[in-house]
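# Commentary on secondary and tertiary structure
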Amino acid sequence: MQRSLLFTNALPYQLAGMVGLFLFCASLIGCGGSKSATISMDQLEAMSAERFGDTGGCDANADGSLVLCQSAFLAKEAQPGVKFFVYSQTDGQIIYEQTETCESVQWHDNDRVRVTTLSGMVQRNSTDSDNATLIDVKTGHKKADT
């Protein structure tokens with residue numbers, strides 16, 4: 001008789017504990033589906049420094065959905081220049097990376113970067129745009145900048 005009374009008194013506490021555990025698990029599952037992929041510029045610059053050894057900085061596009069991170073100018077490389085990657089704040093991952101060095105890289109518009117390559121032989125009538133390429137970082141499509 002004493003035993004069933006003890007069990008009866010403990011039942012509400014056990015149910016409350018199970019309900020609490022269920023709600024905790026459900027909140028973890030719910031948070032996993034809606035997590036934000038956005039990371040700070042400081043974290044991106046640290047990622048850039050880890051990847052390239054030194055960072056030249058990170059710069060967001062016009063709407064802040066993509067971030068261009070580049071190395072400092074690598075003068076001691078066999079081919080001096082900069083390397084870069086583009087991080088998507090929406091997807092939470094690097095969506096484009098160029099491991100070959102280039103002279104410079106900057107945002108051209110919201111989805112494209114303008115990459116200027118180092119010219120092998122400088123010609124008298126050449127312009128900066130002769131060595132420039134526009135790259136759509138979402139598709140990887142390249143087009144000469146004219």
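Up top is the structure these notes are about.
Basis of the calculations
Residues numbered from 1 in each chain as written. Predicted model: local features only at pLDDT ≥ 70, side-chain atom pairs only at ≥ 80, totals over all residues. Heavy atoms only, no water. Helix = DSSP H or I, 4+ residues; strand = E, 2+ residues; numbered from the N terminus. Expected span 1.5 Å × (residues − 1). Buried < 20%, exposed > 50% of the residue type's maximum accessible area, 1.4 Å probe, protein only. Arc of directions from axis to C-beta. Contact = heavy atoms within 4.5 Å. Pairing = 2+ DSSP bridges.

## What about helix 2 (residues 41–52)?
Between its first and last C-alpha atoms helix 2 spans 16 Å; for 12 residues at 1.5 Å apiece the expected length is 16 Å, and the two agree. Those residues of helix 2 lying buried are L44, S48 and F52. The arc that holds the buried residues of helix 2, viewed along the axis, is 55°, so those residues lie on one side. Of the exposed residues in helix 2, the ones pointing more than 90 degrees away from its buried face are D42 and E50. Looking at the buried residues of helix 2, the elements they touch are strand 1 (55–60), strand 2 (66–71), strand 3 (82–88) and strand 4 (93–102).

## A short note on the pairing of strand 2
The element strand 2 is largely enclosed, with a buried count of 6 among its 6 residues. By the alternation rule, side chains of strand 2 split into L66, L68 and Q70 and V67, C69 and S71, which are all buried. With 5 bridges connecting them, strand 1 and strand 2 associate as antiparallel partners. By the bridge assignment, A60 is partnered in strand 2 with V67. Turn length for the strand 1-strand 2 hairpin, with the two strands adjacent in sequence and antiparallel, is 5 residues, and the turn residue G64 shows positive phi of about 80°. For strand 2 and strand 3, the ladder comprises 5 bridges, and the chain directions are antiparallel. In the sheet register, C69 faces strand 3, and the bridge partner there is F85.

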